[in-house]
Amino acid sequence: MQTLFLQGPSVTLRAIILIIASIGLMTLDHRWGQMENVRNTLSYVLYPLQYTIDLPIRMYHWTDETISTHQTLLDENRKLEDLNLQNKVRLQKLDILERENFRLRELLHATPKTGEEILIAEIINVDVDPYRQLIVINKGSNDNVYISQPIIDAHGVMGQTVHVNTSSSTAMLITDASHAMPVQIDRTGLRAVAFGTGKIDQLDLRHIPHNADIREGDTLITSGLGGRFPANYPVAVVTHIERSPDEAFVTVRAEPLALLDRSREVLLVWHNQPQIIPKTNDEP
Amino acid sequence: MNPNTRIGVLTIIAAYMLAMMPLPDWAQAFRPDWVTLVLIYWTMALPDNIGVTVAWFAGLMLDVTHGALLGQHALGLVLVIYVIHAQHQRLRVASLLQQALVILFLLLIKQALVLWVSGIMGHAPDSWLYFMPSVTSAIFWPWVYIILRDLRRKFAYKTHF
């Protein structure tokens, strides 16, 4: 309706109030992180949209599976069974090692290692921001996902959750320009911090002294320092080292092991769970 | 629901879906700012119903889709819609090319504001391609305008523009 007289505050006043409100919101969100409830409420509206966008891709995968031939399925099944057998054999050894480790820790009166729990989540295929490395996954606080929870895939660490909504969460990949994580070189135990660069295939290790023992091909694993990521998960492989005498530190670049832009399923990890005492069935 | 409101809400939902639609990596940097374009159209068409308040909420939604700070896009969008709202009578009679130029200018300012906040947060993109969405938005504006106008004329009663 066209009204002859303006009602309520004038447009200019409203615009000024809203601009001040925006600045206030940004400050609150950045400094205190109080805005998760607002974000959650807005995501109720957005989640159906995100789900709808993802639907064609879901349908494609579904049809791909449904119309694939009997022979393909059989071949795939056989391959997976072989893989399963190999993994089971490896797991047997691992079980024995874990039990031994537990007993030795008990003998030393060391603190027991914490257990871990995992949950599979699917990536919702929506574009977030071309200049940031963020993904949306289909698990949220309904599944007890928490903020800054580690996310891994079959090959290595992928990132951590930054916003958790009721049935979806946003996660930041380890290559995001504002991400940094404590790592350790598998071979020597040298500790470092891996900074994201904004490029999907590159991490930077900063502040590594010239005399540090680091080589191309070294594997970086999580060190568990900082308490966010569980220790000993593979993160990246060192691809490039440049020792230039005029620089104070070595330039070290690494490539993430996780398939950051190709995984469709990711694993959410709950660490710091109370250790489940391994069952020993060979006790006298 | 008022048919104007219905078609307005539907086009804005479509704009959000276009904004989140997966694109190939090379095309992501060129994605037009669909939500802002659609809001600009509705502000020009129905300035009594759509204004800075709607723009602010739309901006907050954009912040959630972008995983940005709450208020980052809302701030820019309020400024853009404020100018469009104040000048809607002049813009209506301007040619599509002139409208596109105004939109290019306003969107560059909006993007600069968003960039400024990202810079304070410490993750500003370092490529000039960052400003590409403003350019592609201005290029797409004539089509957005014509499509939305035809939709509105087809489905809505009030056709004063």
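Residues numbered from 1 in each chain as written. Chains lettered and ligands numbered in written order. Predicted model: local features only at pLDDT ≥ 70, side-chain atom pairs only at ≥ 80, totals over all residues. Heavy atoms only, no water.

## Overview of the overall build of chain B
When you go through chain B residue by residue, the secondary structure sums to eight helices and zero strands. For chain B, whose C-alpha radius of gyration is 15 Å, the value lies close to the compact-globule estimate of 15 Å for 161 residues. Each principal axis of the C-alpha atoms in chain B carries an extent, and together these give about 50 × 30 × 30 Å. Counting all 161 residues of chain B, 56% fall into the buried class. In chain B, once contacts between residues fewer than 6 apart in sequence are set aside, the share between residues at least 24 apart is 67%. For chain B, the exposed surface amounts to about 7,400 Å²; the carbon and sulfur share of it is 70%. (Helix = DSSP H or I, 4+ residues; strand = E, 2+ residues; numbered from the N terminus. Rg over C-alpha atoms; globule rule 2.2 N^0.38 Å. Buried < 20%, exposed > 50% of the residue type's maximum accessible area, 1.4 Å probe, protein only. Contact = heavy atoms within 4.5 Å. Areas by Shrake-Rupley, 256 points an atom, 1.4 Å probe, with all protein chains shown as cover.)

## Here we look at the interface of chain B and chain A
If you look at the interface, chain B gives 41 residues, while chain A gives 38 residues. For the pairing of chain B and chain A, the buried interface totals around 3,600 Å² over both sides, and the portion due to carbon and sulfur atoms is 71%. The largest contributions to the chain B side of the interface with chain A come from Met20, Leu70 and His123 of chain B, which together make up 18% of the buried area. For the pair chain B and chain A, the number of links is one salt bridge. Taking the shortest distance from any N to any O, the salt bridge between Arg31 of chain B and Asp127 of chain A comes out at 2.6 Å. Applying the counting rule to chain B against chain A returns 13 residue pairs in polar contact (both at pLDDT 80 or more). Sorting the residues of the side of chain B that touches chain A by element identifies helix H1 (3–20), helix H4 (52–66), helix H5 (72–86) and helix H7 (96–121) of chain B as the ones contributing at least two each. For the side of chain B that touches chain A, the element with the most residues is H4 of chain B, which contributes nine residues. Broken down by class, the residue content of the side of chain B that touches chain A amounts to 27 nonpolar, ten polar and four charged. (Buried area = accessible area lost by both parts, 1.4 Å probe. Salt bridge = Lys/Arg side-chain N within 4 Å of Asp/Glu carboxyl O. Polar contact = N/O pair within 3.5 Å; in protein donor to acceptor, adjacent residues only side chain to side chain. Nonpolar A, V, L, I, M, F, W, Y, C, P; charged D, E, K, R; others polar.)

## What to know about the pattern of salt bridges
Residue and element names in this part refer to chain A. For the structure on display, the rule yields 14 salt bridges over all chains. Between Arg264 and Glu122 there is a salt bridge whose closest N-O contact spans 3.8 Å. Taken together, the residues Arg264 in the loop between strand S11 (250–256) and strand S12 (265–273) and Glu122 in strand S1 (residues 115–124) connect sequence positions 142 residues apart. Through salt bridges with shared partners, one network takes in Asp54, Arg58, Glu122 and Arg264.

## What about H7 of chain B?
Note: α-helices contain 3.6 residues per turn, so residues at a spacing of three or four share the same orientation. With 26 residues, H7 of chain B ought to run about 38 Å at 1.5 Å a step, and its terminal C-alpha atoms sit 37 Å apart, in line with that. Of all the residues in H7 of chain B, the buried ones are Gln99, Ala100, Ile103, Leu106, Leu107, Lys110, Gln111, Leu113, Val114, Val117 and Ser118 of chain B. On the buried face of H7 of chain B, the contacting elements are helix H1 (11–32) of chain A together with helix H3 (34–45), H4, H5, helix H6 (88–93) and helix H8 (132–155) of chain B. A positive backbone phi angle near 90 degrees is found at Gly122 of chain B, which sits one or two residues after H7 of chain B. (Expected span 1.5 Å × (residues − 1).)

## Here's the deal with the packing of H4 of chain B against H5 of chain B
Residue and element names in this part refer to chain B. One can describe the packing of H4 onto H5 by two numbers: an axis separation of 7 Å at closest approach and a directional angle of 150 degrees. Pair H4 / H5 crosses with right-handed handedness. Between H4 and H5, the contacting residues are Val52, Ala55, Trp56, Ala58, Gly59, Leu60, Leu62, Asp63 and His66 on the first element and Gln72, His73, Ala74, Leu77, Val78, Ile81 and Tyr82 on the second. (Axes fitted to C-alpha atoms, helices over the stretch in contact; angles between N-to-C directions. Left-handed = near helix turned anticlockwise from the far one by under 90°.)

## Focus on a nonpolar patch on the surface
Residue and element names in this part refer to chain B. There is a patch of nonpolar side chains on the surface, built from Val135, Ile139, Phe140, Trp143 and Ile147 and spanning about 490 Å² of accessible area. In this fold, Trp143 is placed in helix H8. Classification of Trp143 as exposed rests on a relative accessible area of 54%. (Patch = residues over 30% accessible without salt bridge, like charges linked within 9 Å, V, L, I, M, F, W, Y side chains within 5 Å.)

## Observations concerning helix H3 (residues 70–107) of chain A
With 38 residues, H3 of chain A ought to run about 56 Å at 1.5 Å a step, and its terminal C-alpha atoms sit 55 Å apart, in line with that. Positive phi appears at His109 of chain A, one or two residues downstream of H3 of chain A, with a value of about 55 degrees.

## Some details on the domain arrangement of chain A
Residue and element names in this part refer to chain A. We note that the domain assignment places domain 1 (10–87) and domain 2 (117–270) within chain A. Computed over C-alpha atoms only, the centres of domain 1 and domain 2 are separated by 19 Å. Between domain 1 and domain 2, the buried area comes to about 1,200 Å², and carbon and sulfur atoms account for 50% of it. Of all residues in domain 1, Glu36, Tyr47 and Gln50 bury the most surface against domain 2, accounting for 39% of the area lost on that side. The tally of links between domain 1 and domain 2 comes to two salt bridges. Across the contact surface, domain 1 and domain 2 share five residue pairs in polar contact (both at pLDDT 80 or more). (Domains from an automatic or database assignment.)

## Looking at the side chain of Gln160 of chain A
Residue and element names in this part refer to chain A. Note on placement: Gln160 falls in strand S4 (residues 157–164). Judged by its relative accessible area of 6%, Gln160 falls in the buried class. Within the structure, Gln160 has its side chain in polar contact with the side chain of His179 (distance 2.8 Å). Polar side-chain contacts of Gln160 include one of 3.2 Å to the side chain of Arg228. Excluding anything up to four places from it in sequence, Gln160 contacts Ser148, Gln149, Pro150, Ile151, Ala171, Met172, His179, Arg228 and Phe229.

## Topic: the side chain of Ser223 of chain A
You can see Ser223 of chain A is positioned in the loop between strand S9 (219–222) and strand S10 (234–242). A residue is classified by how much of its surface remains accessible, and Ser223 of chain A, at 14% relative accessible area, is buried.

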